[in-house]
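Given next are the chains, with one letter for each unit.
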12 protein chains.
Amino acid sequence: MRIGIVQGPNLNRLGLRNPAKYGTRTLTDIIADIDRTGTDLGFDAVHTQSNHEGDLVDWVHAAEVDAFVVNPAGLTPVGYSLLDALKDSTRPWAVVHISQFHAIDGRDREDIFAPYATLYIAGAGWIGYSLACRALAQDAP
Amino acid sequence: MRIGIVQGPNLNRLGLRNPAKYGTRTLTDIIADIDRTGTDLGFDAVHTQSNHEGDLVDWVHAAEVDAFVVNPAGLTPVGYSLLDALKDSTRPWAVVHISQFHAIDGRDREDIFAPYATLYIAGAGWIGYSLACRALAQDAP
Amino acid sequence: MRIGIVQGPNLNRLGLRNPAKYGTRTLTDIIADIDRTGTDLGFDAVHTQSNHEGDLVDWVHAAEVDAFVVNPAGLTPVGYSLLDALKDSTRPWAVVHISQFHAIDGRDREDIFAPYATLYIAGAGWIGYSLACRALAQDAP
Amino acid sequence: MRIGIVQGPNLNRLGLRNPAKYGTRTLTDIIADIDRTGTDLGFDAVHTQSNHEGDLVDWVHAAEVDAFVVNPAGLTPVGYSLLDALKDSTRPWAVVHISQFHAIDGRDREDIFAPYATLYIAGAGWIGYSLACRALAQDAP
Amino acid sequence: MRIGIVQGPNLNRLGLRNPAKYGTRTLTDIIADIDRTGTDLGFDAVHTQSNHEGDLVDWVHAAEVDAFVVNPAGLTPVGYSLLDALKDSTRPWAVVHISQFHAIDGRDREDIFAPYATLYIAGAGWIGYSLACRALAQDAP
Amino acid sequence: MRIGIVQGPNLNRLGLRNPAKYGTRTLTDIIADIDRTGTDLGFDAVHTQSNHEGDLVDWVHAAEVDAFVVNPAGLTPVGYSLLDALKDSTRPWAVVHISQFHAIDGRDREDIFAPYATLYIAGAGWIGYSLACRALAQDAP
Amino acid sequence: MRIGIVQGPNLNRLGLRNPAKYGTRTLTDIIADIDRTGTDLGFDAVHTQSNHEGDLVDWVHAAEVDAFVVNPAGLTPVGYSLLDALKDSTRPWAVVHISQFHAIDGRDREDIFAPYATLYIAGAGWIGYSLACRALAQDAP
Amino acid sequence: MRIGIVQGPNLNRLGLRNPAKYGTRTLTDIIADIDRTGTDLGFDAVHTQSNHEGDLVDWVHAAEVDAFVVNPAGLTPVGYSLLDALKDSTRPWAVVHISQFHAIDGRDREDIFAPYATLYIAGAGWIGYSLACRALAQDAP
Amino acid sequence: MRIGIVQGPNLNRLGLRNPAKYGTRTLTDIIADIDRTGTDLGFDAVHTQSNHEGDLVDWVHAAEVDAFVVNPAGLTPVGYSLLDALKDSTRPWAVVHISQFHAIDGRDREDIFAPYATLYIAGAGWIGYSLACRALAQDAP
Amino acid sequence: MRIGIVQGPNLNRLGLRNPAKYGTRTLTDIIADIDRTGTDLGFDAVHTQSNHEGDLVDWVHAAEVDAFVVNPAGLTPVGYSLLDALKDSTRPWAVVHISQFHAIDGRDREDIFAPYATLYIAGAGWIGYSLACRALAQDAP
Amino acid sequence: MRIGIVQGPNLNRLGLRNPAKYGTRTLTDIIADIDRTGTDLGFDAVHTQSNHEGDLVDWVHAAEVDAFVVNPAGLTPVGYSLLDALKDSTRPWAVVHISQFHAIDGRDREDIFAPYATLYIAGAGWIGYSLACRALAQDAP
Amino acid sequence: MRIGIVQGPNLNRLGLRNPAKYGTRTLTDIIADIDRTGTDLGFDAVHTQSNHEGDLVDWVHAAEVDAFVVNPAGLTPVGYSLLDALKDSTRPWAVVHISQFHAIDGRDREDIFAPYATLYIAGAGWIGYSLACRALAQDAP
């Protein structure tokens, strides 16, 4: 099994900024964690990050994967083009937010991805990605 | 570590009704799954289910646990008393919805628990409980 | 045919309070009326009343009936657990309000049951229950 | 007793269209049913149907009846002129919707008649008219 | 000068119903009052009343007048066709409500005519028509 | 009969500013017009204008009049103290707006006086005051 | 193929009023244009216009056509009866607005027809009708 | 005089939790305070607390008291059944919130009791109950 | 201890108007009551009333007191300047409404003071001021 | 005449995905159709598609065309930068949606382009582009 | 050039209260700063401050200046009379807020002045006044 | 000191389009103005403009500056990724709009940047950038 991990705008700065909010692990650390879980559970992860929504849309179009795990970050309330690409992919996809999205930004930012995601995980920190992969790999619901 | 699993109204009927929506696993099956994960990861789960919000409030008051995993079910938009009990417990607690709550009932039912939960998982089916326990047991963010 | 009549909170006080609003017939009188109509039309009515939503949920789970007639009373805007029990019962069910609910409390109280009920009757007074049973017993649309 | 039955726009096409939604009984069939109930219960029904709101207003002005039963159909969210005629008639009047109005169109169409009707019945199919007449004839509420 | 007086649905029943709300003067009385004011101030009034919005639209199209005075009655929140006819007439027009519209129905009924009327009078009772004619006849702002 | 004419903030500048919107008549001109109408119809007008809401409240408390005519001007959406003084005066009172208030400011400014006024006139220009006095003097509904 | 062209209230006045907004072509001109397109593309157009919603409903009921093109004009936000007739006709139907409806009246008038139309064209002026017929005749979508 | 003191869900934990928010006085302390005030002012207080809304409804039905003082706690936005019981009791009743309810939870929780209470006190801490009793005992408005 | 009592617009008319709503006690009576309570409990009250918000702001700036008790009256939904003066005073302050504000005007008037007040009392009639002073004098939470 | 055809995000996948919703014609097919219509009607079409809003903005800035036809796709509710580029171009421009936008996504996605477009066509499938070009080429209103 | 500086309610207390929010500079200091900038850039500033909206309105009426700089303070959401005076002055005027108004009070207080101001500056502290004067003095757009 | 000037989509076209709205100065002119102010006040400005939000995010990540001045232009209501980059930069940043944003687009476009900006300037035309730099350079609040 092959899972595409899609990291939205500003996530290339994870661990380099705002440790009180997101911890000190960098995106490289998180990718390594996901890959290690992949080895354990028998799935391959392929990764992308971009600050350009268009790049993420192109990547989703081209990805040869069985499922997606997406942290839309700044695109959460406005990334309709990325959302359409995911919906049209006809594959299951999970939304992951590192911090508890509802609690922190729920008043200010609507999550347009939430109503369409197969799976939604928020607040589990950097292990949220692994939990999502685990659920998708086990052919959950 | 000890985790309290709180199952809201009607969940005693899981697997006995509406298999298209919730699958065929009964609450007994799910409890066994959680306990098995507990054995693997080294935590004890204690369980309750009630159709009476007052019973769940009493149980949360009395529970000697390190964390809670809660599926509020029908109390999702109205269970302020249960919510207050969880908030006042000063322990981390996760909300788990079996199906993707946003997708199915998001227009009709607000989730009053979501803004206060440490962790939020929806759409992972019956393994959602285990994922939540795994995250809480690993001392996630 | 067997119809379960579910009376919500405070309805045990019918006829004992507020006669200008609800008339002077007690719940006992109303039960007798429904039973008499049952005799005429060939159905059995089984009755419950509780001020505890949990009791009503338990009763609906256990009821061996072909249809329900429900006056949710104070649960009208908040009884999601009772609503879920009715929806999951896979049987037809009617909502009955003694007074014309829209006219009196429509501004203050949303009826969360209305969108899912098979049949909705308000304002017919104590004969509303019999009308609902009559409609359900005749296999109406 | 004499009851005026007011059928709103498009109801002359009942049974001739959309049987999945409204069944196969025509307006003629329904009128016959109501008249038969009238014979049983001792009331006379007089009937009108029009696709012109103005005609219905004129008819209500001229009707020499003791009560009205109205299916406003397409006038449900906009028929203020018909509503005023009914309110000014100083007689009791019932709203009847063949299908469960809340369930089907509740999101799209407000029922401006509901807050003022003496009696409200929805979802009982073609026997809804007879139930309404029965309630009005028994001097209900 | 010539003023067209347009009376909306149900106003043919003025004085015949609901005297507590509208007084006991009939439409015939009011027409006589307006005509008398016309004689005093030097304008001719031409009158129409209909329960059919289409008739009022046709009448406005055909009217050879210098101004209109309109009581839209039941069309107040929904008479867009009549409103369009008035707006397209390129003549000044006044809205008159017999009772104080805001006070009585303001919560329930929006007045779609109000934002476009040259002149708006509510609560002056039957002399509101004469006041409006007086203002229009004096070439008010 | 004695009528108190209450002119709100900025109306002392009438005719000195913005002639395209309010014409060129000054407050002195308007007062003279009202007084002339008073002579014709047999009522006395007493006048006040202030840019201080508190002054207007004091004046309403002290006024020995049979009715009020009020142009709240800038107090229209916020003058609750003036509104309370008028409501507590137990006398009839009219709101007058020189221009058609709904048309011009209806989107931006709610009129908190409108629901409580006996009489409401907008768009009649400077003769609106006289029309209001005329209606109040004739003991209109 | 046969297409019914339904022109709503006031459209009989097209070209006779407000040329800045709607141009100088009359309804007769437009009908001729549509017929000419029909000759070119091989469809017959049948026409109706009325200021009475009821007439349009009657006409839709009786029309023996394969599709409808409708300009609801003043009925746009309130013509539920016409909308029901179109929906129940089980034939494709297009909404045409001469001017760009959204741009001009979008803040004030909701288009209740838009969500149900097969095809929606606004802003194309008088050729909008021909474009709609062309699309319907080519078995579009 | 006899006053029923109704303590809602979680209030049995007062003083045992969250001292920064509610102080360190327990429910037992507060009951003693109220009783002491009762002795001073000449009223008897009878007490109940439950985490089950149904229990509180039953208690209100059965209570032989002259007035109620209610802290609805978690039932504040959803306890319509308790509210109905209080309204139907035909006795005066006060709402007391220990902390200033508006300030703390006003954005998240509507107080459905507030519009119907005779008396409303928030922010006075544990002496709020005594103040409410004092007001009710003095036959305040 | 010294408490400043701030009475908003129109309250100089208490007892002189509308006895059904506010009783027959005048502001002078109420001031005497408060002073008597002050003597009992050992606090001094200083009093102001004005129909000018600016006067109240000036008074709050100059007041040498330990706490304020404020009845904002007509300033309740709009007195941001008075509110700012109270917030900036860094002293505790209570809002008192004589009648139950929520019940009577809750739909029409927002209370902008409520979210910031230390203490909120409504519906206790003229003794509400004394209750507020008692709570502030006892160093309540 | 020269028309710029602007295809928004994901439209490069037309015909390759979701045939039930968009048919099986690819973007290449559609471009060929538009060009063929151009040959017939005497206009040149120039084409662009991008998943990057910035690319579309750049293209609109540089385009030497007389009009634009735009399918904003995923940018429909959020593409303010593209919208500004079109508005500032001072040329007429049409919005085209392949499926009936209102019907399918109207509840979820606002069309920010609609209020400013010269022409709006939805639901005509792939011929919508040609219809729009035809209208723009004929110098429609 | 001459600029009128209008300071709203409570600003006479600047620097005397709440230094964490507004700094320690008093209104006298700020006036000196503005005057110094005036000397540098060649404009005269004239100053007013009042806690009475009416005083500010009177001052704006009488001011012989070329522009206004206004900090409405507590009048920000309710000062329609001051706003009208500024709008009617036909001179350019700037709104200045010392702290970043949107950030601090944006949820609670609408700024009714913002849509009409020529220039809007918030968050620049005490130099905001000088920046505004600089912009107005340079004949900015 | 070093200030990063961030110009959003379409601003490369300043002065080349729409002179009535934005004047005739080009972006090159404005950059020269800012640099000249920098020379006067002792700060260096570094500039970027892009029609791609992703480019602006990348630039903010890489910028070695002490503060930012941002005109988000078309990103104003939707640029959450740019907003996150600015918030995470931990440096002060100003929003500048050339025209008075509230006045022109306030109804249509929310400014998601406003609540988080240190400083907000709108309506000062091209000198707004210099004013913002001046305020940031003087270490304003």
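Please read all numbers here as calculations on a predicted model, not as lab measurements.

Enquirer: Hey, could you run me through the relation of the copies chain F and chain I in this one?
Expert: Each of the two copies of the chain can be brought onto the other by a rotation about an axis and a shift along it. By a simple turn and slide, chain F fits onto chain I: the slide is 0.0 Å along the axis, the RMSD is 0.0 Å, and the turn is 120°. With respect to symmetry, the two chain copies, as superposed, fit the operation of a three-fold axis. Distance from the rotation axis, computed per C-alpha, reaches its smallest value in chain F at Val 78 of chain F: 3.7 Å. Residue by residue, only 13% of the interface of chain F is reproduced at the interface of chain I, so the copies engage with different surfaces.

Enquirer: So what exactly am I meant to see when it comes to the interface of chain F and chain I here?
Expert: Think of interface size as the accessible area that goes away when the parts come together; that is how it is often given. Between chain F and chain I, the contact holds 15 residues from the first and 14 residues from the second. The three residues of chain F that bury the most area against chain I are His 61, Tyr 80 and Asp 88 of chain F, which together make up 46% of that side's buried surface. At the junction of chain F with chain I, the criterion picks out one salt bridge. The partner of Arg 109 of chain I in a salt bridge is Asp 84 of chain F, and the shortest N-O contact between them spans 2.5 Å. Take the side of chain F that touches chain I: its biggest share by element is seven residues, from helix H4 (residues 80-88) of chain F.

Enquirer: What is the right way to look at the pattern of salt bridges in this model?
Expert: Pairing of side chains with opposite charge becomes possible as their charged atoms draw close. Tallying each qualifying case throughout the model produces 36 salt bridges over all chains. The salt bridge involving Asp 33 of chain F is made with Arg 25 of chain F; its shortest N-O contact spans 2.6 Å. Classification of Asp 33 of chain F as buried rests on a relative accessible area of 7%. By relative accessible area, Arg 25 of chain F is classed as partly exposed at 27%. Connected via shared salt-bridge partners are Arg 25, Asp 33 and Arg 36 of chain A.

Enquirer: Looking at this structure, how should I read helix H2 (residues 27-41) of chain D?
Expert: Along an α-helix, residues three or four apart share an orientation, since each turn contains 3.6 residues. All names here are of chain D. The end-to-end C-alpha distance of H2, which contains 15 residues, comes to 21 Å, matching closely the 21 Å that a straight helix rising 1.5 Å per residue would cover. Where H2 is concerned, the buried positions are Leu 27, Ile 30, Asp 33, Ile 34, Thr 37 and Gly 38. Considered in projection along H2, the buried side chains sweep an arc of 140° and stay on one side of the axis. When the buried face of H2 is taken as reference, the exposed residues oriented beyond 90 degrees from it are Thr 28, Thr 39 and Asp 40. Check the buried side of H2 and you find it contacts strand E1 (2-7), strand E2 (44-49) and helix H6 (127-137). Once H2 ends, the next one or two residues include Gly 42, with phi positive near 85°.

Enquirer: What is the right way to read the relation of the copies chain E and chain F from this model?
Expert: Of the transformation placing chain E onto chain F, the axial shift is 0.0 Å and the rotation is 180°, giving an RMSD of 0.0 Å. Taken together, the rotation and translation describe the operation of a two-fold axis. Of the C-alpha atoms belonging to chain E, the one lying closest to the rotation axis is found on Ile 121 of chain E, 2.3 Å away. Looking at the interface residues of chain E, 100% of them are also at the interface in chain F, so both copies use one shared face.

Enquirer: Can you help me understand the sheet that holds strand E3 (residues 67-71) of chain D in this one?
Expert: Neighbouring strands of a sheet are bound in pairs by backbone hydrogen bonds; such pairs are parallel or else antiparallel. Taken in spatial order, the 10 strands make up an open sheet running E2(C)-E1(C)-E3(C)-E4(C)-E5(C)-E5(D)-E4(D)-E3(D)-E1(D)-E2(D), and their pairing is mixed. Edge strands, defined here as strands with exactly one partner in the open sheet, are strand E2 (44-49) of chain C together with E2 of chain D. Neighbouring strand axes in the sheet, compared pairwise and without regard to direction, differ in orientation by 15° on average. Where strand E4 (residues 93-97) of chain D and strand E5 (residues 119-122) of chain D come together, four bridges link them in parallel fashion. Looking at E5 of chain D, one finds that Val 95 of chain D is bridged to Tyr 120 of chain D. The strands touched by helix H3 (residues 53-62) of chain C within the sheet are strand E1 (2-7), E2 and strand E3 (67-71) of chain C, with E1 of chain C carrying the most contacts at an inclination of about 175°. Strand contacts of H6 of chain D: E1, E3, E4 and E5 of chain D, with the helix running at about 160° to E3 of chain D, the strand carrying the most contacts.

Enquirer: Whenever I open this one, the side chain of Thr 48 of chain H confuses me. Can you help?
Expert: All names here are of chain H. Within the element layout of this structure, Thr 48 appears in strand E2 (residues 44-49). The exposure class of Thr 48 is buried, given its relative accessible area of 15%. Beyond its immediate chain neighbours, meaning those up to four positions away, Thr 48 contacts Ile 5, Val 6, Gln 7, Leu 56 and Trp 59.

Enquirer: Any chance you could explain the side chain of Gln 100 of chain H here in plain terms?
Expert: For Gln 100 of chain H, the position within the fold is in the loop between strand E4 (93-97) and helix H5 (101-105). A polar contact of 2.7 Å, which involves the side chain of Gln 100 of chain H, links it to the backbone oxygen of Ala 114 of chain I. At 3.3 Å, the side chain of Gln 100 of chain H forms a polar contact with the backbone oxygen of Ala 117 of chain I. Residues within four places of Gln 100 of chain H in sequence aside, it is in contact with Ala 122 and Gly 123 of chain H together with Ala 114, Ala 117, Thr 118, Leu 119 and Tyr 120 of chain I.

Enquirer: What exactly am I supposed to notice about the packing of helix H3 (residues 53-62) of chain A against helix H4 (residues 80-88) of chain A here?
Expert: Describing two packed helices takes the angle between their axes plus the distance from one axis to the other. Residue and element names in this part refer to chain A. In contact at an axis separation of 9 Å, H3 and H4 are set at 5° when each is read in the N-to-C sense. What the angle tells us is that H3 and H4 run roughly parallel. Together, Glu 53, Leu 56, Val 57, Val 60 and His 61 of H3 and Tyr 80, Ser 81, Leu 82, Ala 85 and Leu 86 of H4 make up the contact between the two elements.

Enquirer: Looking at this model, I keep getting lost on the packing of aromatic side chains. Mind explaining?
Expert: Each aromatic ring pair is summarised here by two numbers: the centre-to-centre distance and the angle between the ring planes. Tallying each qualifying case throughout the model produces 18 aromatic pairs over all chains. Both rings, one in Trp 93 of chain H and one in Phe 113 of chain H, keep their centres 6.3 Å apart while their planes meet at 85°; by these two values the pair is edge-to-face. You can see Trp 93 of chain H sitting in strand E4 and its partner Phe 113 of chain H sitting in the loop between H5 and strand E5 (119-122), a full 20 residues away along the chain. Judged by its relative accessible area of 3%, Trp 93 of chain H is buried. A cation over a ring is seen here: Lys 87 of chain G above Tyr 116 of chain G, with NZ or CZ 4.0 Å from the ring centre.

Enquirer: Would you mind going over the sheet that holds strand E1 (residues 2-7) of chain G with me for this structure?
Expert: The mixed open sheet is built from 10 strands, whose spatial order is E2(G)-E1(G)-E3(G)-E4(G)-E5(G)-E5(J)-E4(J)-E3(J)-E1(J)-E2(J). Two strands lie at the open edges of the sheet, namely strand E2 (44-49) of chain G together with strand E2 (44-49) of chain J, each paired on one side alone. Between one strand and the next, the sheet's axes are offset by a mean angle of 15°, whatever the strand orientation. In this structure, strand E1 (residues 2-7) of chain J lies alongside E2 of chain J, joined through six bridges in parallel fashion. From the neighbouring strand, Ile 3 of chain J faces E2 of chain J, where its bridge partner is Ala 45 of chain J. In the packing of helix H6 (residues 127-137) of chain G onto the sheet, contacts are made with E1, strand E3 (67-71), strand E4 (93-97) and strand E5 (119-122) of chain G, and the angle to E3 of chain G comes to roughly 160°. Seen against the sheet, helix H6 (residues 128-137) of chain J touches E1, strand E3 (67-71), strand E4 (93-97) and strand E5 (119-122) of chain J and runs at an angle of roughly 160° to E3 of chain J.

Enquirer: Please explain the environment of Gly 128 of chain A as it appears in this structure.
Expert: Residues and elements named next belong to chain A. Along the chain, the position of Gly 128 falls in helix H6 (residues 128-137). On the basis of relative accessibility, which here comes to 1%, the residue Gly 128 falls in the buried class. For the pair Gly 128 and Gly 38, spaced 90 residues apart in sequence, the C-alpha to C-alpha distance is 14 Å. Once residues within four sequence positions are removed from consideration, Gly 128 is found in contact with Val 96 and Ile 121.

Enquirer: Help me understand the packing of helix H2 (residues 27-41) of chain H against helix H6 (residues 127-137) of chain H, please; the structure alone is not making it clear to me.
Expert: All names here are of chain H. At their nearest, the axes of H2 and H6 sit 9 Å apart, and the two run at 25° to each other. Here H2 is positioned roughly parallel relative to H6, judged by the angle of their axes. Here H2 and H6 pass one another in a crossing that is right-handed. Taken together, the residues of H6 that come into contact with H2 (itself represented by Ile 30, Asp 33, Ile 34, Thr 37 and Leu 41) are Tyr 129, Ser 130, Cys 133 and Arg 134. Taken together, the residues of the contact of H2 with H6 sort by class into five nonpolar, two polar and two charged.

What counts, and where the lines are drawn
Residues numbered from 1 in each chain as written. Chains lettered and ligands numbered in written order. Predicted model: local features only at pLDDT ≥ 70, side-chain atom pairs only at ≥ 80, totals over all residues. Heavy atoms only, no water. Least-squares fit on C-alpha atoms with pLDDT ≥ 70 in both. Contact = heavy atoms within 4.5 Å. Buried area = accessible area lost by both parts, 1.4 Å probe. Salt bridge = Lys/Arg side-chain N within 4 Å of Asp/Glu carboxyl O. Helix = DSSP H or I, 4+ residues; strand = E, 2+ residues; numbered from the N terminus. Buried < 20%, exposed > 50% of the residue type's maximum accessible area, 1.4 Å probe, protein only. Expected span 1.5 Å × (residues − 1). Arc of directions from axis to C-beta. Pairing = 2+ DSSP bridges. Axes fitted to C-alpha atoms, helices over the stretch in contact; angles between N-to-C directions. Polar contact = N/O pair within 3.5 Å; in protein donor to acceptor, adjacent residues only side chain to side chain. Parallel < 35°, antiparallel > 145°, perpendicular 65-115°, else oblique. Phe/Tyr/Trp six-rings, centres within 6.5 Å; stacked < 30°, edge-to-face > 60°. Lys NZ or Arg CZ within 6 Å of the ring centre and 35° of its normal. Left-handed = near helix turned anticlockwise from the far one by under 90°. Nonpolar A, V, L, I, M, F, W, Y, C, P; charged D, E, K, R; others polar.

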